[in-house]
Amino acid sequence: MSDNFSELTTEKINPATAHIDECTTLEMVKLINDEDKKIAVAVERVLPEIARAVDVIAESFTRGGRLFYIGAGTSGRLGVLDASECPPTFGVPYEMVQGLIAGGEGALIRAVEGAEDNRNLAERDLTEKNFCAADVLVGITASGRTPYVLGGIEFAKNLGAITVGVSCVENSALAKIVDIAITPVTGAEALTGSTRMKAGTATKMVLNMLTTAAMIKIGKVRGNLMICVQATNDKLRDRLNRINSMLDRE
């Protein structure tokens, strides 16, 4: 695998924002917004691959399998975020969708140096969660080359599990080894290499679709109502009461 990071589209210098530091505040945010407008188009291009991944995730759920996200840095945090929102939204056990981040929970708020470059850490983390062939592993890495993620995918494939890759670079190392490659190519960032921006937003959109659509397919939604939402505060209790009232009138 080449270590020439400058060849990655996510590391390219964006000519549209080359002088963003000289802009007025309004000009600055407009430039960022102009770049953000390209994200939905990039995601739209990979909807068939997203749908394929949804189908295998839903099928895994019906057989008692689980969904795991694995990533480092921003990618890892996005996976943990999406996983943590499934239980309150869909009333599923916390074990059903899990997010793993290189360096462990501490890396959610402070970078753990070198963790993402260790391929062996992923195998250890997945083994601790009793990951098995019935589960689905989604590797997340904007560059498509993070060793921690690639190591996790290789471990999952050796077990016979279905693997999915979410990256934002064409022909990435990740895309070449997973069963389903989801690659919204978002191009150069407004700030060179800051993949928490366009690539991160595209990743969040993809993960939203994966879990939301899979939960719909296994019956956690009726119409567009979250019928299994957990009423853990006043707002959610009110929402659940309104949902139940609408269902009673059907």
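Residues numbered from 1 in each chain as written. Predicted model: local features only at pLDDT ≥ 70, side-chain atom pairs only at ≥ 80, totals over all residues. Heavy atoms only, no water.

A word on the overall build of the protein. Each helix and strand in the protein was counted, giving eight helices and seven strands. Whereas a compact globule of 250 residues would reach a radius of gyration of roughly 18 Å, the protein reaches 19 Å, a difference of no more than 12%. Each principal axis of the C-alpha distribution contributes one length, and for the protein these read about 60 × 50 × 35 Å. Per-residue burial for the protein yields a buried fraction of 44% across its 250 residues. Sequence-distant contacts in the protein: of pairs separated by 6 or more residues, those separated by 24 or more amount to 70%. Averaged over its 27 positive side-chain charges, the protein has a centre that lies 5 Å from the centre of its 32 negative ones. (Helix = DSSP H or I, 4+ residues; strand = E, 2+ residues; numbered from the N terminus. Rg over C-alpha atoms; globule rule 2.2 N^0.38 Å. Buried < 20%, exposed > 50% of the residue type's maximum accessible area, 1.4 Å probe, protein only. Contact = heavy atoms within 4.5 Å. Lys, Arg positive; Asp, Glu negative; His and termini not counted. Charge placed at Lys NZ, Arg CZ, Asp CG, Glu CD.)

Judged by how many residues are buried, strand 1 (residues 67–71) sits mostly within the fold: five of five residues are covered. Neither face of strand 1 is exposed, since Leu67, Tyr69 and Gly71 on one face and Phe68 and Ile70 on the opposite face are all buried. In this structure, strand 1 lies alongside strand 2 (residues 97–101), joined through five bridges in parallel fashion. Residue pairing for strand 2: tyrosine 69 is matched across the bridge by glycine 99. In this region the chain leaves strand 1, passes through helix 3 (residues 73–90) and returns to the parallel neighbour strand 2; the handedness of that crossover is right-handed. (Pairing = 2+ DSSP bridges. Right-handed = clockwise from strand over helix to strand, strands pointing away.)

Compared with the 28 Å implied by 1.5 Å per residue over 20 residues, the 30 Å span of helix 1 (residues 25–44) between its first and last C-alpha is a close match. Three or more residues of helix 1 are buried, namely Glu35, Ile39, Ala42 and Val43. The buried residues of helix 1 occupy one face: seen down the axis, they fall within an arc of 95°. Seen from the open side of helix 1, the exposed residues pointing more than 90 degrees away from its buried face are Leu26, Lys30, Lys37 and Glu44. (Expected span 1.5 Å × (residues − 1). Arc of directions from axis to C-beta.)

The next point concerns the pattern of salt bridges. Enumeration over the complete set of coordinates arrives at 12 salt bridges. Residue lysine 217 is joined to aspartate 55 by a salt bridge in which the shortest nitrogen-to-oxygen separation is 3.4 Å. Highlighted residues: lysine 217 in helix 7 (residues 198–217) and aspartate 55 in helix 2 (residues 47–62), separated in sequence by 162 residues. With relative accessibility at 40%, the residue aspartate 55 sits in the partly exposed group. (Salt bridge = Lys/Arg side-chain N within 4 Å of Asp/Glu carboxyl O.)

Side chains that are nonpolar tend, in soluble globular proteins, to be buried together. By size, the foremost hydrophobic cluster in this structure holds 32 residues, and its most contacted members are Tyr69, Val97, Ile182 and Leu210. Residue assignment for this core shows that the elements contributing at least two residues are helix 1, helix 2, strand 1, helix 3, strand 3 (136–140), strand 4 (162–166), strand 5 (180–182) and helix 7. In contact with valine 97, not counting residues within four places along its chain, are Phe61, Leu67, Tyr69, Ala83, Cys86, Thr211 and Met215. (Core = buried A, V, L, I, M, F, W, Y, C linked by side-chain atoms within 4.5 Å.)

Our focus in this paragraph is the packing of aromatic side chains. For any pair of aromatic rings, the description rests on two quantities: the centre-to-centre distance and the angle between the ring planes. In total, this model carries one aromatic pair according to the counting rule given. Ring geometry for phenylalanine 68 against phenylalanine 131: centres 5.3 Å apart, planes inclined by 75°, an arrangement best described as edge-to-face. Of the two residues, phenylalanine 68 sits in strand 1 while phenylalanine 131 sits in the loop between helix 4 (119–128) and strand 3, which places them 63 residues apart along the sequence. Overall, phenylalanine 68 belongs to the buried group, its relative accessible area being 0%. (Phe/Tyr/Trp six-rings, centres within 6.5 Å; stacked < 30°, edge-to-face > 60°.)

Now for helix 8 (residues 234–248). With 15 residues, helix 8 ought to run about 21 Å at 1.5 Å a step, and its terminal C-alpha atoms sit 21 Å apart, in line with that. The complete set of buried residues in helix 8 reads Leu236, Leu240, Ile243 and Leu247. Down the axis of helix 8, the sector holding all buried residues measures 60°, keeping them to one side. Facing away from the buried side of helix 8 by over 90 degrees, the exposed positions are Asp234, Lys235 and Asp248. Where the residues of helix 8 are buried, they touch strand 6 (221–222) and strand 7 (225–226). The opening residue of helix 8 is asparagine 233, an N-cap whose side-chain oxygen sits 3.2 Å from the backbone nitrogen of lysine 235. (Polar contact = N/O pair within 3.5 Å; in protein donor to acceptor, adjacent residues only side chain to side chain.)

Spatial strand order, 2-1-3-4-5: five strands in an open sheet with parallel pairing. Looking at strand neighbours, the two that pair on one side only are strand 2 and strand 5, the edges of this open sheet. Ignoring which end each strand starts from, the neighbouring axes of this sheet average 20° apart. Alignment of strand 3 against strand 4, held across five bridges, turns out to be parallel. Bridge pairing in strand 4 places glycine 139 opposite glycine 165. Of the strands in this sheet, strand 1, strand 2 and strand 3 touch helix 3, which is tilted by about 160° from strand 2. (Axes fitted to C-alpha atoms, helices over the stretch in contact; angles between N-to-C directions.)

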